Structure formats: C-alpha cells, structure tokens
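What follows is the residue order along each chain.
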Amino acid sequence: MSSSDIFIGETIGTAVLILLGGGVCAAVTLKASKARNAGWLAISFGWGFAVLTAVYISAPLSGAHLNPAVTLALAIKDDAWGDVPTYWAGQLLGAMIGAALVWLAYYGQFLAHLTDREIVGGPGAQDTKSKSVEAQESGAGPVLGIFSTGPEIRNVVQNLATEIIGTVVLVLAILTQGLNNNGDGLGPVGALITALVVVSIGLSLGGPTGYAINPARDLGPRIVHALLPLPNKGGSDWSYAWIPVAGPLIGGAIAAGIYELAFA
C-alpha cells in the first residue's frame, strides 16, 4: 500500500465511521429527530454497523485500521513504524470530516435543540447562556456527547481503566480473528467480527465512559465541536479529553503485548 492510498483510505473510512456513529448519537439525542430517545441499544448497534460499513469501504486502500490504537498494535506486532504517522493523520482528518458531516446532516435539529429553553434555559435545564466562558469550557455542553465521549462518574483511574480494558478486547479480537491475509489490516470476515465486538463492548463496557476505544474517534470530533458555530453549545470538556486518547493507546499496546506472548 502506498502512503497516498493509506492516507486516502483512512480519511474516507474514518469519515464514514464518524458520520454513521456520530449520526446515531445525534439521532437519539436531538429534539425533532425521528429517532430521539431510541436508547443505548440503538447507539451500540449503530456504532457496530458504522464500523462494518467503514471497514468495507476503506479496506481495499488502507487495510481499514480506522483507529490509532489498532495502528499502534499492528506496528508493535510487525515492528513496522514507517506508515504510522500517515495512518494517524488520515484517521484524525477523517474523524473531523465525519463530525462536520454529522453537523451538516442534522443542522436544523442542532439549531432547534440548542435554542429550546427546555435544553438551554428554564428550571432544571442546562442554562449555558448564564455561564461564564471559563465555566462553559470546563465541562461538557448539551450536545458534546454527539461528538465525543464523557464519563458518567468522573474518576480518572476508573475512566482510564475502562477505556484501556475495552480497547484491549477490541484489539485482541482484531489481532486474533480480524486480520486480512497480509496481516496488515482488516479482512472481509474480520470486518464483521470487529463490528460485532464493537457492539458487544458498547453493550457491556460502554456505560461508564461511552467507550471511545479510539483516540481519533474522540479527539477529532471534539475539535470540531470546539470550532463549530453552534449556539449555546457549552464547553468541549478538554480536561477529560486526554483519557479517551491515552486509554485506547495504552490498551492497544497491551493487546499487542498479550498477542505476542500468547498467540504469536
């Protein structure tokens, strides 16, 4: 695979991943969406199908890593580091493009949601207008969960451990069952296996943190949330943002180590 193929494949694939994954979060969250309040099952299966679609689209070009933790694990497994920056750059750019497309697809719903007094004002609502800039930037705004993850209980050790554990499961499944014949990316059967594993992780381990298990999936859309001209959007919760980056990378490295010890 050439560097251009890798970059283009990862950009397109990760954009599709975030468009469909972030899209199901928007569908479930936003007022005036036909799927509002569809629940955690819809989100978990939506992300699983997003993975399946993105892998099938991008695998012929790049092997469909779509996740810096997967790229790191494969680099450790094969001791091949030359293409890692290209993979990571494509993944981050694709995640940002996908998040922007979610905003475009749900443009009217975002405006309706963020100008509704039940959401951003009134008794018991999150009144972002009355908060200082510092307060808005310190925590999550009312639609941040569409773009990136956040903990239900803010505990650094637990939150980091949850992301590490979920990523170890994901990457071990990929390394043992999901790779193509060349061993450098996901194959056709591996795409289905990986998608089902993502659904399983969402249903079983997604409750504490929203299961980022992918640094680009969280960081890219969080950057887009910070940049988009959304009214009353609140903060992007940058104090938490390092956990869904560090946790999956640590998890990917641990999974590669387990694979080398137990399976190689």
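A few points on the structure. Please read these numbers as outputs of a predicted model, since none were measured by experiment.

### Quick notes on the pattern of salt bridges
Next up, step 1: As enumerated under the stated definition, the model contains 5 salt bridges in all.
Next up, step 2: The residue Asp-116 makes a salt bridge to Lys-31 at a minimum N-O spacing of 3.0 Å. One end of the pair, Asp-116, is in the loop between helix H5 (107-114) and helix H6 (117-120); the other, Lys-31, is in the loop between helix H1 (3-29) and helix H2 (40-62), with 85 residues separating them in the sequence.
Next up, step 3: Among the ionic contacts, a cluster of salt bridges with common partners joins Lys-31, Asp-116 and Glu-118.

### Some words on a nonpolar patch on the surface
Next up, step 1: On the surface, Phe-7, Ile-8, Ile-12, Ile-57, Leu-61, Leu-93, Ile-97, Leu-101 and Leu-104 cluster together to form a nonpolar patch covering roughly 710 Å² of accessible area.
Next up, step 2: Elements supplying a minimum of two residues to the nonpolar patch: H1, H2 and helix H4 (84-105).
Next up, step 3: In terms of residues, the nonpolar patch owes the most to one element, H4, which gives 4 residues.
Next up, step 4: By the element assignment, Leu-101 lies in helix H4.
Next up, step 5: Among the residues examined, Leu-101 registers a relative accessible area of 36% and is labelled partly exposed.

### Regarding the environment of Thr-53
Next up, step 1: Along the chain, the position of Thr-53 falls in helix H2.
Next up, step 2: The exposure class of Thr-53 is partly exposed, given its relative accessible area of 31%.
Next up, step 3: Sequence separation of Thr-53 and Tyr-240 is 187 residues, and the distance between their C-alpha atoms is 29 Å.
Next up, step 4: The residues contacting Thr-53, other than those within four sequence positions of it, are Val-16 and Leu-20.
Next up, step 5: In this structure the side chain of Thr-53 is engaged in a polar contact, spanning 2.9 Å, whose partner is the backbone oxygen of Phe-49.

### Observations regarding the packing of aromatic side chains
Next up, step 1: For the structure on display, the rule yields 5 aromatic pairs.
Next up, step 2: Ring centres 6.2 Å apart and planes at 40° place the aromatic pair Phe-45 and Phe-49 in the tilted group. Taken together, the residues Phe-45 and Phe-49, both in helix H2 and 4 residues apart, mark about one turn of the helix.
Next up, step 3: Overall, Phe-45 belongs to the partly exposed group, its relative accessible area being 36%.

### Notes on the packing of helix H9 (residues 156-178) against helix H10 (residues 188-205)
Next up, step 1: Packing of H9 against H10 leaves a shortest axis separation of 10 Å and a crossing angle of 160°. Overall, the two elements H9 and H10 adopt an arrangement that is roughly antiparallel. Considering how the two elements wind past one another, H9 and H10 form a crossing that is right-handed. Judged by residue contacts, Thr-162, Ile-165, Gly-166, Val-169, Leu-170, Ala-173, Ile-174, Gln-177 and Gly-178 of H9 engage Gly-190, Ile-193, Thr-194, Val-197, Val-198, Ile-201 and Leu-205 from H10.
Next up, step 2: Partitioned by chemical class, the residues of the contact of H9 with H10 number 10 nonpolar, 6 polar and no charged.

### Concerning the side chain of Ser-58
Next up, step 1: Looking at the secondary structure, you find Ser-58 in helix H2.
Next up, step 2: The class for Ser-58 is buried, based on a relative accessible area of 1%.
Next up, step 3: Other than its neighbours up to four places away in sequence, Ser-58 contacts Gly-9, Gly-13, Gly-63, Ala-64 and Leu-66.

Thresholds applied
Residues numbered from 1 in each chain as written. Predicted model: local features only at pLDDT ≥ 70, side-chain atom pairs only at ≥ 80, totals over all residues. Heavy atoms only, no water. Salt bridge = Lys/Arg side-chain N within 4 Å of Asp/Glu carboxyl O. Helix = DSSP H or I, 4+ residues; strand = E, 2+ residues; numbered from the N terminus. Patch = residues over 30% accessible without salt bridge, like charges linked within 9 Å, V, L, I, M, F, W, Y side chains within 5 Å. Areas by Shrake-Rupley, 256 points an atom, 1.4 Å probe, with all protein chains shown as cover. Buried < 20%, exposed > 50% of the residue type's maximum accessible area, 1.4 Å probe, protein only. Contact = heavy atoms within 4.5 Å. Polar contact = N/O pair within 3.5 Å; in protein donor to acceptor, adjacent residues only side chain to side chain. Phe/Tyr/Trp six-rings, centres within 6.5 Å; stacked < 30°, edge-to-face > 60°. Axes fitted to C-alpha atoms, helices over the stretch in contact; angles between N-to-C directions. Parallel < 35°, antiparallel > 145°, perpendicular 65-115°, else oblique. Left-handed = near helix turned anticlockwise from the far one by under 90°. Nonpolar A, V, L, I, M, F, W, Y, C, P; charged D, E, K, R; others polar.

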